[in-house]
Every structure is written in C-alpha cells, then in structure tokens.
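# Tertiary structure, described
Each chain is listed here by its residues.
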Amino acid sequence: ASKLQADLLEWAPAGGAYGWEVEGWWGGDIDRLAFKTEGEGQKSEGVEAAEVQLLYSRALARYTDVQAGLRYDIEPRSRAYAVLAVDTLFPYWFEAEGSLFVSDKGDLLARVEGAYDLRLTQRLILQPRAELDLAAQDIPEAGAGSGLSTAELGLRLRYEIRREFAPYIGVSYERAYGGT
C-alpha cells in the first residue's frame, strides 16, 4: 500500500510567494518507508527554503507513529540531519508532530506542529495550525538564535469537494525570535 498527500500547496498572487508541504509513504500498517518535503519561495527569487526527509516509520499504537531517518536541507544552505520524530492523532482528531534534528555539525533543532479541524458543515472545515521551530544553541551560519527561533500561526478554510480534494484559502503569520 502507498499514499501521497499534499497538505499544503500555496500561492500568494500579491507577491508571487509559494509554498508546499507534501508527504507520502510506502509499506504496511506497522512498518513504512516515509518521505516528507516542504519549502517556500518567491516567484522573482526562486526557492528560499527547501528540505527533504526520508524516514522509517513504525506504528507504536493506534494513530501514533515513531519515525527515524535523515533530513537534507537543500536551501538556504546544504546540511544533513539525523531525525527522530513522533506523529500522532490525539482524541478529538487533534493532529500533532514533534521532531528532533541533529545536524552533521552537531546542531540540535526541534520542530513542533499541530492542527485541528473544526467542521462547520460536512464539507466546510476551518483549520487552525501552528508550527514552532527551536534551536538548542545559536547557529550563526543559519541565522538561528537559541530557544524559540520561529513561530508560524495560520488559519485555513477549506471546502472538501471530495475527501481527496479540498481547496482552501488561508492566512498565516510568521515571526522570528531571539537572534534569528
């Protein structure tokens, strides 16, 4: 069995900004080979940030997977990371993911993401989202400060034409903290 899912495919007509968050897997219910990619850019400047992850995923419990593997940042600078992550679905369908990254230079980073679907009707869904990036130390070459480095909060309104196809409109707010 396999699955390919684009959680985020965005384009902002005003500035020509775009972004993506795509993931997929191949395997069974317990053991899987998973991949994730995400990035963003500007039409005029090209890709500003992009990463790819290749992970072994193992189901620990119903709706909870533990993942281990590699992450490679393509932009803004090439760097490889070891990854340890937990992907889960809490009661009331609250999605959460936590990841730890150790770079080939010894940098320790973490990412926490969460989203919740508020069903307004059977097909119209309002989804608040949050993503927090943290660093254990200052990383001058990446421009990242220690502690909370970036936070992104968003709100999307999507309409499920089919469960497999649900266009959305949304807003997001991103802020850098500390020395980032």
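Every residue gets a number counted from 1 within its own chain, in the order that chain's sequence is written. Selection of residues for local features in this predicted model requires a pLDDT of at least 70, selection of side-chain atom pairs for listing and counting requires 80 or more, and totals for whole chains, interfaces and linings are taken over all residues. In computing side-chain properties, one takes all heavy atoms of the structure into account and sets aside hydrogens as well as water.

## Details of the overall build of the protein chain
When helices and strands are counted, the protein chain shows 0 helices and 12 strands. Only DSSP runs of H or I covering at least 4 residues are called helices, and only runs of E covering at least 2 are called strands; the numbering of each starts at the N terminus. Element order for the protein chain, N to C, with α for helix and β for strand: β-β-β-β-β-β-β-β-β-β-β-β. Our radius of gyration is a C-alpha quantity, and the globule rule it is checked against amounts to 2.2 Å times the number of residues to the power 0.38. The globule rule puts the C-alpha radius of gyration for 180 residues at 16 Å, and the 17 Å found for the protein chain is close to it. Only protein chains enter the area calculation, which uses a 1.4 Å probe; residues under 20% of their type maximum are buried, those over 50% are exposed, and those in between are partly exposed. Taken over 180 residues, the protein chain has a buried fraction of 32%.

## Remarks on the pairing of strand S4 (residues 46-61)
Two strands are counted as paired when DSSP detects at least two bridges linking them. In terms of strand pairing, strand S3 (residues 31-42) meets S4 through 12 bridges, oriented antiparallel. Counted as the bridge partner of Gly39 is Ala50 from S4. Between the antiparallel neighbours S3 and S4 lie 3 residues. Note: S4 against strand S5 (residues 64-75), 11 bridges, orientation antiparallel. Looking at the pairing, Arg58 lines up with Val66 of S5.

## Here's the deal with the environment of Arg32
Looking at the element boundaries, Arg32 is found in strand S3. Note on contacts: a residue pair is in contact if any heavy atoms of the two residues lie within 4.5 Å. Contacts of Arg32, omitting those with residues within four sequence positions, involve Trp25, Trp26, Gly27, Leu55, Tyr56, Ser57 and Asp65.

## What to know about the nonpolar core
The tendency in soluble globular proteins is for nonpolar side chains to be buried as a group. Residues belong to a common nonpolar core when they are buried Ala, Val, Leu, Ile, Met, Phe, Trp, Tyr or Cys residues joined through side-chain atoms within 4.5 Å. Counting 10 residues, the largest nonpolar core is built from Ala34, Leu55, Tyr81, Val83, Ala85, Phe101, Leu109, Ala135, Ile139 and Ala144. Per-element tally for this core: the top contributor is strand S6 (residues 79-90), with 3 residues. Setting aside residues no more than four positions away along its own chain, Ala135 makes contact with Leu108, Leu109, Gly145, Ser146, Gly147 and Ser149.

## Quick look at the environment of Thr121
Tracing the backbone shows Thr121 in the loop between strand S9 (118-119) and strand S10 (124-135). C-alpha separation for the pair Thr121 and Tyr159, spaced 38 residues apart in sequence, amounts to 9.4 Å. N or O atoms within 3.5 Å of each other form a polar contact, as long as, within protein, one can give a hydrogen and the other can take it, and as long as residues adjacent in sequence are counted only when both atoms are side-chain atoms. In terms of polar contacts, Thr121 uses its side chain to reach the backbone amide nitrogen of Leu124, at 2.9 Å.

## Description of the pattern of salt bridges
The salt bridge definition used is simple: a Lys or Arg side-chain nitrogen within 4 Å of an Asp or Glu carboxyl oxygen. On inspection of all chains with the given rule, the structure shows 16 salt bridges. Its salt-bridge partner being Glu160, residue Arg158 comes within 3.7 Å of it at the nearest N-O pair. Side by side, Arg158 and Glu160 carry an identical accessibility label, which is buried. Among the ionic pairs, Arg163 bridges to Glu160, the shortest N-O distance being 2.6 Å. With a relative accessible area of 7%, Glu160 lands in the buried category. In the salt-bridge network here, residues are joined through shared partners; they are Glu38, Glu51, Arg71, Asp73, Arg111, Glu131 and Asp133.

## Examining a negative patch on the surface
Each patch is assembled from residues with relative accessible area greater than 30% and no salt bridge, linking like charges that lie within 9 Å and nonpolar side chains (Val, Leu, Ile, Met, Phe, Trp, Tyr) that lie within 5 Å. For accessible areas, the Shrake-Rupley method is used with a probe of radius 1.4 Å. Any residue's cover is judged against the shown protein chains and nothing else. We score Asp and Glu as negative and Lys and Arg as positive, and we do not count His or the chain ends. Here the site of a charge means atom NZ of a Lys, CZ of an Arg, CG of an Asp or CD of a Glu. A cluster of like negative charges, contributed by Glu40, Glu45, Glu48 and Glu174, occupies part of the molecular surface. With respect to the element layout, Glu174 can be found in strand S12 (residues 168-176). Judged by its relative accessible area of 47%, Glu174 falls in the partly exposed class.

## Remarks on the pairing of strand S7 (residues 94-103)
Pairing of S6 with S7 involves 10 bridges; the strand directions are antiparallel. Residue pairing in the sheet places Leu84 in a bridge with Leu100 of S7. Connecting S6 to the antiparallel partner S7 that follows it, the hairpin turn spans 3 residues, and Tyr92 within it adopts a positive phi of roughly 65 degrees. Pairing geometry for S7 and strand S8 (residues 108-116), over 9 bridges, is antiparallel. Across the sheet, residue Val102 finds its bridge partner in S8, namely Leu108.

## Thoughts on unusual backbone geometry
Here the amide bond leading from Glu75 into Pro76 is cis, since omega sits at 5 degrees, within 30 degrees of zero. We note that Tyr92 has phi near 65 degrees; this positive angle belongs to a residue other than glycine. Note on placement: Tyr92 falls in the loop between S6 and S7. Positioned with a positive phi, Trp93 is a non-glycine residue whose angle comes to about 65 degrees. Taking the relative accessible area as the measure of exposure, Trp93 reaches 55% and is therefore exposed.

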